[in-house]
Amino acid sequence: MSIPKITTARWDVEDGHTLAGYERTGGYSALKKALEMTPAEVHEEVKTASLLGRGGAGFPAGVKWGFCPPGVWPRYLVVNGDESEPGTYKDRIMLERDPHQLIEGCLLACYALGLSQCFLYVRGEMAHGQERVAAALNEAYEAGYVGKNILGTEVSVDVVLHWGAGAYIVGEETALIESLEGNRGMPRLKPPFFPAAIGLYGKPTIVNNVETLSNIPWIINNGGQAFADIGEAPSTGTRVFAVSGHVNNPGVFEVEFGTTTFRDLIMGEEYGGGIRNGGSLKAFIPGGASAPWFFEEHLDLPLEKGTVDRAGSMLGSGAIVVMDQTTDIVKACHNVVRFFSRESCGKCSPCREGTSWLEKILQRIIDGNGRRADLALLMDVCDNISPGIAWPPKQTTICPLGPSAVSPIASVIERFADEFDAYLGEPSTEQAVEVR
Amino acid sequence: MARLNADNERIAHEIIGRYPRKKSALIPLLHLAQEQDGWVTDEAMSHIADLVEVTPAEVLGTCSFYEMFKRHPVGDYHVNICHGIACHLLGADELIHHAEETLGVKGGGTTDDGRFTVEGVECIAACTEAPCLQVNYRFANKVTTQDFDALIADIRSGARSDIPPHGTLAKTRQSIPEERAAGPALVEDAQEPAWLSRNGSDQ
Ligand SMILES: Cc1cc2nc3c(=O)[nH]c(=O)nc-3n(C[C@H](O)[C@H](O)[C@H](O)COP(=O)(O)O)c2cc1C
Ligand code: SF4
Ligand code: FES
């Protein structure tokens, strides 16, 4: 079976971002079709599709949509377009090249669940994405697809473009809601575990990723079953992966979910094209900076959620970062840890203090001022953030950002002990840990 | 410089009107202030506080959380060079070093002539185009040191009028025609939407 392009079909259509280009290529037909169906039928198709969330956690969208408590109104939709996990590059292209597909996906969700207003939160730094979405919304309002009495029906929903101002943590869904309320973007305490229970302004709120919602028009046009027939359950449909780093042909590729392997994506001629300069693979990050790292022996794993979870990592946000044999592992590890340290929102101490110590310790190792006891100290700090340093991670923190800083260290500290040794010098007698 | 001017105040009211709660407009309004003045002034913050009916301290609280808001003047061109992992692997550190050397600034500093501010930033979602950067939030991909020098020279000579002044993000704004607006879904208006109740289903 040939695999259709579901979310990226219009990336090559010159005017695919305009209403004319979108309509010419079948756009807004799903909305028209859905308005002839009952809301429950629309929801049912999404459940049948078994569409997993594409933002990081991979939770089934159709199931999450069922979590709104009955009888509590209004309900809101918040679109997570904050894409900032290092290595992740797909939502921005969808915003820039196919904004109408996302808007149609939003409208379908609103219709299915009775969501009264949609806020489309686009990352602050994505100026071009913001103007494409704004232009698309302006056209869609004019044409009667969005706003009051959509296509002459009693369905009325505003879709409002909102934009951030630079903070990775705002991608966490409860922080996103705080930010949308005009506050500092700090995650909320759980439970409730889903904002579907208590979200924006304390009301039921569905938060979905840009790519997740961009799949909905295809699902309604073709049926949930057609979507579920692609891929390997529960990883159905297609997924968009960014392959970056030391490959010959870095790029963003839509592939069948659940069956394509890491080797296909990294080495395949039509995808990553192999390691640059004929080099060899040292390590790769399979799902964005938060994911534990993979190596040569993981190359033949399929890009399937369950398989990758069981192998000790995650597909996360669809970001594959490839490192060849020239990579300084200690520096690469420091780079990722520094990211989490700088982006910690500071609300809880194991993360705020811990990530910053991890960064400082790695920095002094790189600077040649490390001591042997630093390796145990790193693991001790990791253990304070994520007890047991296991996968899936436990956490002493409010959100998963803290444990994410543990991933790179736990991935490499033993496997590449020789590289740490090279920085630390000859093993010497244990020194008392002096922390300055 | 200071408060939002009359045009921007009108835009501010339009934006505020889209949200069920006024405070939700805070970040868009801070961007509007930064677009007007190139940075966010204290006067703008207190004006915004009046507009969304919170205290100036609350506005500062929000403003200071987010990296993009500058509470002091910055260069006309804010050059953000990505040092995220994908860019790190492909020479980001060397590019940042080169930029700082050639422009004579360090760690977020601004050139003496006030033209350029240079900063290393986290991933800007262009990882397959590493190493990359943004100038006033417009992308340059796969940037070599020669590309960088050419970019700076082009900006200096006025050849890059496509890059807007610092503070301007989207050049197109959303505008909702009054007769087409569904209106904000007010929290107090606890109504099941008509299209759901007609279908007698709440799921
Ligand atoms: C620290 C952190 C950052 C996150 N950043 C993003 C992000 O940028 N975009 C995104 O869609 N989800 C992000 N998520 C996941 C969201 O919390 C949420 O699970 C997701 O938006 C739900 O949408 P989905 O079910 O459609 O994937 C992040 C989570 C965490 C803990
Ligand atoms: S884990 Fe880190 S980012 Fe998350 S709430 Fe705590 S301090 Fe903030
Ligand atoms: S790491 Fe540089 S753009 Fe993502």
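Residues numbered from 1 in each chain as written. Chains lettered and ligands numbered in written order. Predicted model: local features only at pLDDT ≥ 70, side-chain atom pairs only at ≥ 80, totals over all residues. Heavy atoms only, no water.

Draft legend 1. Examining the interface of chain A and chain B more closely. Across the boundary between the two partners, chain A contributes 97 residues, which contact 68 residues of chain B. Area buried by chain A at its contact with chain B is led by A:Trp73, A:Trp163 and A:Tyr201, which between them contribute 10% of it. Counting across the interface, chain A meets chain B through one salt bridge. Close ionic contact of B:Arg138 with A:Glu131 constitutes a salt bridge, the shortest N to O distance being 3.1 Å. Our count for the chain A to chain B interface comes out at 36 residue pairs in polar contact (both at pLDDT 80 or more). Per-element accounting of the side of chain A that touches chain B gives the leading share, nine residues, to helix H7 (residues 127-142) of chain A. Classifying every residue of the side of chain A that touches chain B gives 49 nonpolar, 29 polar and 19 charged. (Contact = heavy atoms within 4.5 Å. Buried area = accessible area lost by both parts, 1.4 Å probe. Salt bridge = Lys/Arg side-chain N within 4 Å of Asp/Glu carboxyl O. Polar contact = N/O pair within 3.5 Å; in protein donor to acceptor, adjacent residues only side chain to side chain. Helix = DSSP H or I, 4+ residues; strand = E, 2+ residues; numbered from the N terminus. Nonpolar A, V, L, I, M, F, W, Y, C, P; charged D, E, K, R; others polar.)

Draft legend 2. Broad picture of the site of ligand 1. Residue and element names in this part refer to chain A. If you check the shell around ligand 1, you find 18 residues, and the closest are Gly-55, Lys-64, Asn-208, Asn-209 and Thr-212. Between ligand 1 and the protein, one listed contact pairs an oxygen atom with a backbone N or O atom of Arg-54 at 3.3 Å. The contact in question runs from an oxygen atom of ligand 1 to an N or O atom on the backbone of Gly-55, over 2.7 Å. Isolated, ligand 1 exposes 620 Å² of accessible area, and the fraction of that covered by the protein chains is 89%. Ranked by residue count, the leading element in the shell around ligand 1 is strand S4 (residues 205-209), at three residues. Class assignment for the residues of the shell around ligand 1 results in four nonpolar, eight polar and six charged. (Near = heavy atom within 4 Å. Areas by Shrake-Rupley, 256 points an atom, 1.4 Å probe, with all protein chains shown as cover.)

Draft legend 3. Just the state of the cysteines, in detail. Evaluated as defined, the whole model comprises zero disulfides over all chains. Distance from the sulfur of A:Cys68, which forms no disulfide, to the nearest cysteine sulfur (A:Cys110) is 11 Å. (Disulfide = S-S within 2.5 Å.)

Draft legend 4. Here's a closer look at the pattern of salt bridges. All names here are of chain A. Throughout the structure, instances matching the rule amount to 32 salt bridges over all chains. The closest approach of N and O atoms between Asp-309 and Lys-305, which form a salt bridge, is 2.8 Å. Of this pair, Asp-309 and Lys-305 both sit in helix H13 (residues 305-310), four residues apart, which is roughly one turn of the helix. The exposure class of Asp-309 is partly exposed, given its relative accessible area of 27%. With a shortest N-O distance of 3.0 Å, Arg-352 and Glu-353 are connected by a salt bridge. Residue classification places Arg-352 among the partly exposed positions, given a relative accessible area of 34%. The structure contains a network of salt bridges with shared partners spanning Arg-54, Lys-90, Asp-91 and Glu-211. (Buried < 20%, exposed > 50% of the residue type's maximum accessible area, 1.4 Å probe, protein only.)

Draft legend 5. Geometry of the domain arrangement of chain A. Residues and elements named next belong to chain A. Here chain A is described as being made up of domain 1 (19-223), domain 2 (237-324) and domain 3 (329-424). Between domain 2 and domain 3, the C-alpha centre-to-centre distance is 23 Å. Each partner contributes residues to the interface: domain 2 has 14 residues there, and domain 3 has 14 residues. Between domain 2 and domain 3, roughly 1100 Å² of surface is buried when both sides are summed, and carbon and sulfur atoms account for 68% of that area. Where domain 2 meets domain 3, there are two salt bridges. Note that Lys-282 and Glu-419 form a salt bridge whose closest N and O atoms lie 2.5 Å from each other. At the surface where domain 2 touches domain 3, the tally comes to six residue pairs in polar contact (both at pLDDT 80 or more). (Domains from an automatic or database assignment.)

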